[in-house]
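One letter stands for each residue in the lines below.
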Amino acid sequence: MDHLLEIGVETFGDVTEDADGQPMHHAAVLRNVVAEGVAAEEAGLDFFGVGEHHREDYAVSAPEVVLAAVAARTERIRLGSAVTVLSSDDPVRVFQRFSTVDALSGGRAEAILGRGSFIESFPLFGYDLKDYEILFEEKLALFAQLLKEDSVTWSGSTRAALSNQRIFPPTEQGMRAWVGVGGSPESVLRAARHGLPLFLAIIGGNPLAFEGLTRLYRRTLEQAGHAEQPIGAHTHGLVADTDEEALEILWPHYKRTMDRLGAERGWPPASRLRFQASASPNGNLVIGSPETVARKIVRISQGLGLSRFDIKYSAGTLPHAPMMRSIELLGTKVKPLVLDMLNS
(Lines give C-alpha, C1' and ligand atoms only; values in the text may rest on other atoms or scores of the structure.)
Protein backbone atom coordinates (compact mmCIF):
# COMPACT_ATOMS: atom_id res chain seq x y z
CA MET A 1 0.00 0.00 0.00
CA ASP A 2 1.36 3.43 -0.92
CA HIS A 3 2.45 5.75 1.87
CA LEU A 4 0.46 8.95 1.48
CA LEU A 5 2.37 12.14 2.25
CA GLU A 6 1.18 15.55 1.14
CA ILE A 7 3.92 18.08 0.41
CA GLY A 8 3.24 21.80 0.56
CA VAL A 9 4.78 25.24 0.84
CA GLU A 10 4.15 28.20 3.10
CA THR A 11 5.01 31.89 3.18
CA PHE A 12 4.43 34.84 5.47
CA GLY A 13 4.64 37.22 2.54
CA ASP A 14 8.09 38.28 3.75
CA VAL A 15 8.95 41.72 2.38
CA THR A 16 11.55 40.90 -0.25
CA GLU A 17 14.17 42.89 -2.15
CA ASP A 18 13.88 44.04 -5.74
CA ALA A 19 16.63 43.81 -8.37
CA ASP A 20 18.32 46.89 -6.90
CA GLY A 21 18.36 45.47 -3.37
CA GLN A 22 15.58 47.76 -2.15
CA PRO A 23 12.58 46.57 -0.09
CA MET A 24 9.54 45.96 -2.27
CA HIS A 25 6.20 47.60 -1.53
CA HIS A 26 3.85 45.36 0.42
CA ALA A 27 1.38 45.48 -2.47
CA ALA A 28 3.96 44.09 -4.89
CA VAL A 29 4.88 41.37 -2.40
CA LEU A 30 1.23 40.33 -2.14
CA ARG A 31 0.95 40.05 -5.91
CA ASN A 32 4.07 37.89 -5.90
CA VAL A 33 2.55 35.66 -3.19
CA VAL A 34 -0.45 34.99 -5.43
CA ALA A 35 1.92 34.10 -8.29
CA GLU A 36 3.77 31.75 -5.94
CA GLY A 37 0.50 30.02 -5.05
CA VAL A 38 -0.26 29.51 -8.72
CA ALA A 39 3.29 28.18 -9.26
CA ALA A 40 2.82 25.71 -6.40
CA GLU A 41 -0.17 24.17 -8.15
CA GLU A 42 1.63 24.10 -11.50
CA ALA A 43 4.54 22.27 -9.85
CA GLY A 44 2.18 19.58 -8.51
CA LEU A 45 2.34 20.47 -4.81
CA ASP A 46 -0.52 19.62 -2.47
CA PHE A 47 -0.85 22.69 -0.24
CA PHE A 48 -0.18 26.42 -0.27
CA GLY A 49 -0.30 28.27 3.05
CA VAL A 50 0.05 31.91 4.05
CA GLY A 51 0.74 33.08 7.58
CA GLU A 52 -0.88 36.01 9.39
CA HIS A 53 1.30 38.82 10.77
CA HIS A 54 0.85 42.46 11.66
CA ARG A 55 4.31 43.96 11.33
CA GLU A 56 6.42 45.82 8.80
CA ASP A 57 8.51 42.87 7.58
CA TYR A 58 5.55 40.70 6.49
CA ALA A 59 2.87 41.64 3.95
CA VAL A 60 0.10 39.14 4.77
CA SER A 61 -2.28 40.34 7.49
CA ALA A 62 -5.47 38.91 5.92
CA PRO A 63 -4.65 35.34 4.81
CA GLU A 64 -8.15 34.50 3.59
CA VAL A 65 -8.18 37.40 1.11
CA VAL A 66 -4.88 36.21 -0.38
CA LEU A 67 -6.15 32.63 -0.48
CA ALA A 68 -9.30 33.72 -2.30
CA ALA A 69 -7.13 35.35 -4.97
CA VAL A 70 -5.10 32.15 -5.33
CA ALA A 71 -8.30 30.09 -5.42
CA ALA A 72 -9.54 32.07 -8.43
CA ARG A 73 -6.42 31.08 -10.41
CA THR A 74 -6.07 27.43 -9.34
CA GLU A 75 -8.16 24.27 -9.46
CA ARG A 76 -6.59 21.55 -7.33
CA ILE A 77 -4.15 22.70 -4.65
CA ARG A 78 -5.40 22.94 -1.07
CA LEU A 79 -5.27 26.43 0.44
CA GLY A 80 -4.87 27.44 4.06
CA SER A 81 -3.36 29.65 6.72
CA ALA A 82 -0.01 29.04 8.35
CA VAL A 83 -1.10 30.15 10.91
CA THR A 84 -4.27 32.07 11.75
CA VAL A 85 -3.73 33.82 15.10
CA LEU A 86 -7.00 32.66 16.63
CA SER A 87 -6.27 34.20 20.04
CA SER A 88 -6.67 37.77 18.74
CA ASP A 89 -9.50 37.09 16.30
CA ASP A 90 -13.13 36.06 16.57
CA PRO A 91 -13.73 32.33 15.94
CA VAL A 92 -17.06 32.95 14.25
CA ARG A 93 -15.56 35.43 11.78
CA VAL A 94 -12.58 33.15 11.17
CA PHE A 95 -14.92 30.27 10.35
CA GLN A 96 -17.02 32.47 8.07
CA ARG A 97 -13.99 33.72 6.16
CA PHE A 98 -12.61 30.22 5.66
CA SER A 99 -15.98 28.74 4.72
CA THR A 100 -16.21 31.51 2.11
CA VAL A 101 -12.78 30.56 0.72
CA ASP A 102 -13.93 26.95 0.82
CA ALA A 103 -16.92 27.81 -1.36
CA LEU A 104 -14.88 29.88 -3.81
CA SER A 105 -12.22 27.16 -4.12
CA GLY A 106 -14.60 24.23 -4.45
CA GLY A 107 -13.83 22.72 -1.05
CA ARG A 108 -10.05 23.30 -0.87
CA ALA A 109 -9.79 25.54 2.22
CA GLU A 110 -8.30 24.58 5.55
CA ALA A 111 -7.06 26.54 8.55
CA ILE A 112 -4.06 26.06 10.81
CA LEU A 113 -5.04 27.69 14.09
CA GLY A 114 -2.43 28.90 16.53
CA ARG A 115 -1.32 31.52 18.99
CA GLY A 116 1.44 32.77 16.69
CA SER A 117 5.06 33.45 17.55
CA PHE A 118 4.59 37.24 17.40
CA ILE A 119 2.42 39.33 19.70
CA GLU A 120 1.68 42.45 17.60
CA SER A 121 -1.94 41.42 17.00
CA PHE A 122 -2.80 41.51 20.72
CA PRO A 123 -2.46 45.28 21.33
CA LEU A 124 -3.60 45.99 17.76
CA PHE A 125 -6.98 44.37 18.40
CA GLY A 126 -7.30 45.31 22.06
CA TYR A 127 -6.30 42.09 23.82
CA ASP A 128 -4.21 41.83 26.98
CA LEU A 129 -1.24 39.47 26.91
CA LYS A 130 -2.05 38.38 30.44
CA ASP A 131 -5.02 36.56 28.87
CA TYR A 132 -2.76 34.72 26.41
CA GLU A 133 -3.72 31.22 27.60
CA ILE A 134 -7.45 31.70 28.18
CA LEU A 135 -7.92 33.47 24.86
CA PHE A 136 -6.64 30.50 22.88
CA GLU A 137 -8.24 27.89 25.13
CA GLU A 138 -11.73 29.37 24.85
CA LYS A 139 -11.55 30.35 21.21
CA LEU A 140 -10.26 26.97 20.10
CA ALA A 141 -13.03 25.26 22.07
CA LEU A 142 -15.60 27.42 20.26
CA PHE A 143 -14.00 26.82 16.86
CA ALA A 144 -14.11 23.07 17.45
CA GLN A 145 -17.88 23.41 17.95
CA LEU A 146 -18.25 25.56 14.83
CA LEU A 147 -16.58 22.84 12.75
CA LYS A 148 -19.55 20.56 13.49
CA GLU A 149 -21.69 23.03 11.50
CA ASP A 150 -24.74 22.66 13.72
CA SER A 151 -26.52 25.05 16.04
CA VAL A 152 -24.00 26.35 18.58
CA THR A 153 -24.53 27.19 22.22
CA TRP A 154 -21.41 28.50 23.93
CA SER A 155 -20.38 30.88 26.68
CA GLY A 156 -17.05 32.09 27.98
CA SER A 157 -15.14 35.15 29.13
CA THR A 158 -13.51 36.19 25.83
CA ARG A 159 -16.51 36.95 23.56
CA ALA A 160 -20.29 37.21 23.61
CA ALA A 161 -22.21 34.01 24.29
CA LEU A 162 -23.98 32.08 21.55
CA SER A 163 -27.39 30.49 22.07
CA ASN A 164 -28.55 27.88 19.56
CA GLN A 165 -27.13 29.88 16.65
CA ARG A 166 -26.18 28.75 13.14
CA ILE A 167 -23.16 30.18 11.35
CA PHE A 168 -23.21 31.02 7.65
CA PRO A 169 -22.10 30.21 5.03
CA PRO A 170 -21.84 26.50 5.76
CA THR A 171 -19.33 24.40 3.85
CA GLU A 172 -20.46 21.80 1.35
CA GLN A 173 -18.45 18.88 2.72
CA GLY A 174 -16.93 20.07 6.00
CA MET A 175 -13.61 21.80 6.59
CA ARG A 176 -10.32 20.64 8.09
CA ALA A 177 -8.75 22.77 10.80
CA TRP A 178 -5.37 21.90 12.31
CA VAL A 179 -3.95 23.13 15.62
CA GLY A 180 -0.49 24.61 15.11
CA VAL A 181 1.91 24.04 18.02
CA GLY A 182 5.56 24.63 18.89
CA GLY A 183 7.23 22.41 21.45
CA SER A 184 4.65 22.68 24.23
CA PRO A 185 3.13 19.42 25.55
CA GLU A 186 0.18 21.43 26.84
CA SER A 187 -0.62 22.61 23.31
CA VAL A 188 -0.39 19.05 22.00
CA LEU A 189 -2.76 17.83 24.72
CA ARG A 190 -5.22 20.62 23.87
CA ALA A 191 -5.32 19.60 20.22
CA ALA A 192 -5.85 15.94 21.14
CA ARG A 193 -8.63 16.73 23.61
CA HIS A 194 -10.56 18.50 20.85
CA GLY A 195 -9.85 15.69 18.38
CA LEU A 196 -8.26 18.10 15.89
CA PRO A 197 -5.30 17.40 13.56
CA LEU A 198 -1.88 18.50 14.82
CA PHE A 199 0.61 20.72 12.97
CA LEU A 200 4.15 21.01 14.34
CA ALA A 201 6.21 24.16 13.82
CA ILE A 202 9.81 22.89 13.73
CA ILE A 203 12.06 25.94 13.87
CA GLY A 204 15.09 24.65 15.75
CA GLY A 205 17.02 21.57 16.83
CA ASN A 206 16.68 18.01 15.58
CA PRO A 207 13.19 17.54 14.11
CA LEU A 208 13.03 13.98 15.43
CA ALA A 209 13.07 15.42 18.96
CA PHE A 210 9.35 16.04 18.33
CA GLU A 211 8.69 12.30 18.28
CA GLY A 212 7.76 12.31 21.96
CA LEU A 213 5.08 14.92 21.27
CA THR A 214 3.61 12.89 18.43
CA ARG A 215 3.42 9.83 20.70
CA LEU A 216 1.75 11.94 23.39
CA TYR A 217 -0.74 13.27 20.87
CA ARG A 218 -1.70 9.85 19.51
CA ARG A 219 -2.00 8.35 22.99
CA THR A 220 -4.18 11.21 24.22
CA LEU A 221 -6.41 11.01 21.13
CA GLU A 222 -6.99 7.33 21.81
CA GLN A 223 -7.64 7.84 25.52
CA ALA A 224 -10.17 10.57 24.71
CA GLY A 225 -12.01 8.26 22.33
CA HIS A 226 -11.26 10.32 19.23
CA ALA A 227 -10.55 8.93 15.79
CA GLU A 228 -6.95 8.93 14.53
CA GLN A 229 -5.98 12.33 13.11
CA PRO A 230 -3.26 13.44 10.68
CA ILE A 231 -0.07 15.10 11.86
CA GLY A 232 1.75 17.69 9.77
CA ALA A 233 5.00 19.59 10.21
CA HIS A 234 6.45 22.84 8.94
CA THR A 235 10.13 23.68 8.59
CA HIS A 236 12.09 26.48 6.95
CA GLY A 237 14.09 25.69 3.86
CA LEU A 238 14.99 26.21 0.22
CA VAL A 239 15.55 23.98 -2.79
CA ALA A 240 18.13 24.82 -5.47
CA ASP A 241 19.98 22.82 -8.10
CA THR A 242 22.88 22.01 -5.74
CA ASP A 243 23.48 22.01 -2.00
CA GLU A 244 26.11 24.73 -2.34
CA GLU A 245 23.85 26.99 -4.36
CA ALA A 246 20.98 26.65 -1.87
CA LEU A 247 23.23 27.52 1.08
CA GLU A 248 24.80 30.51 -0.66
CA ILE A 249 21.44 31.89 -1.81
CA LEU A 250 19.76 31.58 1.58
CA TRP A 251 22.54 32.53 4.01
CA PRO A 252 22.63 36.36 3.73
CA HIS A 253 18.83 36.65 3.92
CA TYR A 254 18.60 34.10 6.72
CA LYS A 255 21.26 35.96 8.73
CA ARG A 256 19.56 39.31 8.24
CA THR A 257 16.23 37.90 9.41
CA MET A 258 17.63 36.04 12.40
CA ASP A 259 19.69 39.04 13.49
CA ARG A 260 16.64 41.31 13.32
CA LEU A 261 14.51 38.89 15.34
CA GLY A 262 17.41 38.22 17.67
CA ALA A 263 17.70 41.92 18.47
CA GLU A 264 14.01 41.87 19.47
CA ARG A 265 14.19 38.67 21.51
CA GLY A 266 17.68 38.67 22.96
CA TRP A 267 19.22 36.00 20.73
CA PRO A 268 22.90 36.09 19.74
CA PRO A 269 23.76 37.04 16.14
CA ALA A 270 23.36 34.27 13.58
CA SER A 271 26.59 32.46 12.74
CA ARG A 272 27.51 30.59 9.58
CA LEU A 273 28.55 27.62 11.73
CA ARG A 274 25.13 27.32 13.36
CA PHE A 275 23.49 27.81 9.96
CA GLN A 276 25.54 24.91 8.55
CA ALA A 277 24.56 22.76 11.53
CA SER A 278 20.88 23.55 10.97
CA ALA A 279 21.30 22.50 7.32
CA SER A 280 22.92 19.17 8.27
CA PRO A 281 20.97 15.87 8.14
CA ASN A 282 19.93 16.25 11.81
CA GLY A 283 19.19 19.97 11.63
CA ASN A 284 15.90 21.82 11.26
CA LEU A 285 16.55 23.58 7.93
CA VAL A 286 15.38 21.56 4.91
CA ILE A 287 17.75 23.02 2.35
CA GLY A 288 19.79 21.82 -0.58
CA SER A 289 19.49 19.99 -3.88
CA PRO A 290 16.33 18.01 -4.66
CA GLU A 291 18.05 14.78 -3.58
CA THR A 292 19.26 16.22 -0.27
CA VAL A 293 15.88 17.77 0.51
CA ALA A 294 14.02 14.58 -0.43
CA ARG A 295 16.15 12.46 1.91
CA LYS A 296 15.55 14.87 4.78
CA ILE A 297 11.79 15.01 4.22
CA VAL A 298 11.65 11.21 4.21
CA ARG A 299 13.69 10.98 7.42
CA ILE A 300 11.48 13.47 9.25
CA SER A 301 8.15 12.24 7.93
CA GLN A 302 8.93 8.62 8.74
CA GLY A 303 10.33 9.49 12.15
CA LEU A 304 7.27 11.48 13.16
CA GLY A 305 4.61 9.61 11.20
CA LEU A 306 3.53 12.63 9.17
CA SER A 307 0.68 13.03 6.70
CA ARG A 308 1.77 16.51 5.54
CA PHE A 309 5.18 18.15 5.21
CA ASP A 310 5.42 21.86 4.44
CA ILE A 311 8.46 24.03 3.74
CA LYS A 312 8.38 27.76 4.44
CA TYR A 313 10.24 28.79 1.32
CA SER A 314 10.27 32.55 1.99
CA ALA A 315 13.07 33.93 4.14
CA GLY A 316 13.05 37.62 4.89
CA THR A 317 14.53 39.59 2.01
CA LEU A 318 15.08 36.53 -0.22
CA PRO A 319 14.00 37.65 -3.72
CA HIS A 320 11.02 36.30 -5.64
CA ALA A 321 13.03 34.46 -8.34
CA PRO A 322 14.82 31.90 -6.11
CA MET A 323 11.56 31.31 -4.24
CA MET A 324 9.80 30.49 -7.50
CA ARG A 325 12.64 28.15 -8.45
CA SER A 326 12.45 26.47 -5.05
CA ILE A 327 8.69 25.88 -5.48
CA GLU A 328 9.26 24.45 -8.97
CA LEU A 329 11.98 22.04 -7.80
CA LEU A 330 10.03 20.97 -4.73
CA GLY A 331 7.05 19.94 -6.82
CA THR A 332 8.70 18.57 -9.95
CA LYS A 333 11.84 16.96 -8.46
CA VAL A 334 11.58 16.58 -4.68
CA LYS A 335 8.01 15.31 -4.39
CA PRO A 336 8.46 12.41 -6.86
CA LEU A 337 11.72 11.42 -5.13
CA VAL A 338 10.07 11.47 -1.71
CA LEU A 339 7.11 9.37 -2.80
CA ASP A 340 9.42 6.87 -4.51
CA MET A 341 11.56 6.54 -1.36
CA LEU A 342 8.54 6.13 0.90
CA ASN A 343 6.93 3.50 -1.28
CA SER A 344 10.04 1.54 -2.31
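Residues numbered from 1 in each chain as written. Predicted model: local features only at pLDDT ≥ 70, side-chain atom pairs only at ≥ 80, totals over all residues. Heavy atoms only, no water.

## Focus on the overall build of the protein chain
How we decide: Runs of H or I in DSSP of at least four residues are treated as helices and runs of E of at least two as strands, each being numbered from the N terminus. In this scheme, a residue with accessible area under 20% of its type's maximum is buried, one over 50% is exposed, and one in between is partly exposed, where area comes from a 1.4 Å probe on protein chains only. In this description, contact between two residues means that some pair of their heavy atoms is separated by no more than 4.5 Å. Note on areas: Shrake-Rupley, 1.4 Å probe, and residue coverage restricted to the protein chains presented here. Counted as positive: Lys and Arg. Counted as negative: Asp and Glu. His and the chain ends are not counted at all. Every charge is mapped onto a representative atom, which is NZ of Lys, CZ of Arg, CG of Asp or CD of Glu.
Along the backbone of the protein chain there are 11 helices and 12 strands. Within the protein chain, the proportion of its 344 residues that are buried is 53%. Taking all contacts inside the protein chain whose residues are at least 6 apart in sequence as the whole, residues at least 24 apart take part in 72%. Split by element, the accessible area of the protein chain, about 14700 Å² in all, is 54% carbon and sulfur. Distance from the positive charge centre (34 side chains) to the negative charge centre (44 side chains) of the protein chain: 3 Å.

## Here we look at the packing of aromatic side chains
Just so we agree on the cut-off: Aromatic rings from Phe, Tyr and Trp, with only the six-membered ring used for Trp, were paired whenever their centres fell within 6.5 Å, and each pair was classed as stacked if the ring planes differed by under 30 degrees, edge-to-face if by over 60, and tilted otherwise.
Counted under the stated rule, the structure contains 8 aromatic pairs. Ring geometry for Phe12 against Tyr58: centres 5.5 Å apart, planes inclined by 85 degrees, an arrangement best described as edge-to-face. Pair noted here: Phe12 is in the loop between strand S1 (6–11) and helix H1 (26–42) and Tyr58 is in the loop between strand S2 (47–50) and helix H2 (63–72), with a separation of 46 residues, a long-range link. You can call Phe12 buried: its relative accessible area is 12%. You can call Tyr58 buried: its relative accessible area is 6%. Ring geometry for Tyr254 versus Phe275: centroids 5.0 Å apart, planes at 45 degrees, classification tilted. Linking Tyr254 in helix H8 (residues 243–265) with Phe275 in helix H9 (residues 272–278), this pair joins segments that are 21 residues apart in sequence. Pair check on accessibility: Tyr254 and Phe275 agree, each one buried. Each member of the aromatic cluster is reached from another via a ring pair, and the members are Phe12, Tyr58 and Phe118.

## Here we look at the layout of surface pockets
Stated formally: A cavity here means a set of points on a 1 Å grid, drawn over the protein atoms and nothing else, where a 1.4 Å probe fits but cannot get out; a pocket is an open set with protein on both sides within 12 Å along at least five of seven lines, and a residue lines either one if it has an atom within 4 Å of a point. Grid points are joined across faces, edges and corners, and a volume is the space filled by probe spheres set on the points. When residues are sorted by character, Ala, Val, Leu, Ile, Met, Phe, Trp, Tyr, Cys and Pro go into the nonpolar class, Asp, Glu, Lys and Arg into the charged class, and all the rest, Gly among them, into the polar class.
In this structure, the second largest pocket spans a volume of roughly 200 Å³. If you go around the second largest pocket, you meet 13 residues; those closest to its centre are Val15, Pro23, Glu56, Asp57 and Thr317. Each residue belonging to the lining of the second largest pocket can be placed in one class, and the counts come to 3 nonpolar, 4 polar and 6 charged.

## Observations regarding the pairing of strand S3 (residues 78–81)
What counts is decided by this rule: Strand pairing requires that DSSP identify at least two bridges connecting the strands. Handedness of a crossover is defined as follows: with both strands directed away from the viewer, a clockwise route from the first strand across the helix to the second makes it right-handed.
Summarising the sheet, S2 and S3 pair through 4 bridges and their orientation is parallel. The residue bridging Val50 from the neighbouring strand is Ser81, located in S3. Viewed along the sheet, the connection from S2 through H2 into S3 turns out right-handed. Direction of pairing for S3 relative to strand S5 (residues 109–114): parallel, over a ladder of 2 bridges. Along S5, the bridge assignment pairs Leu79 with Ala109.

## A word on helix H7 (residues 211–223)
For clarity, the cut-off: Helix span is expected to be 1.5 Å times the residue number reduced by one. The arc in question is formed by the directions pointing from the helix axis toward the C-beta atoms.
In a regular helix each residue adds 1.5 Å, so 13 residues correspond to 18 Å; H7 covers 18 Å between its end C-alpha atoms and thus fits that length. Within the sequence span of H7, burial applies to Leu213, Thr214, Leu216, Tyr217, Thr220 and Leu221. For H7, the angular spread of the buried residues around the axis is 160 degrees, confining them to a single face. Of the exposed residues in H7, the ones pointing more than 90 degrees away from its buried face are Glu222 and Gln223. On its buried face, H7 sits against helix H6 (185–193), strand S9 (198–201), strand S10 (231–239) and helix H10 (290–304).

No statement about biological role is implied by the geometric values presented.
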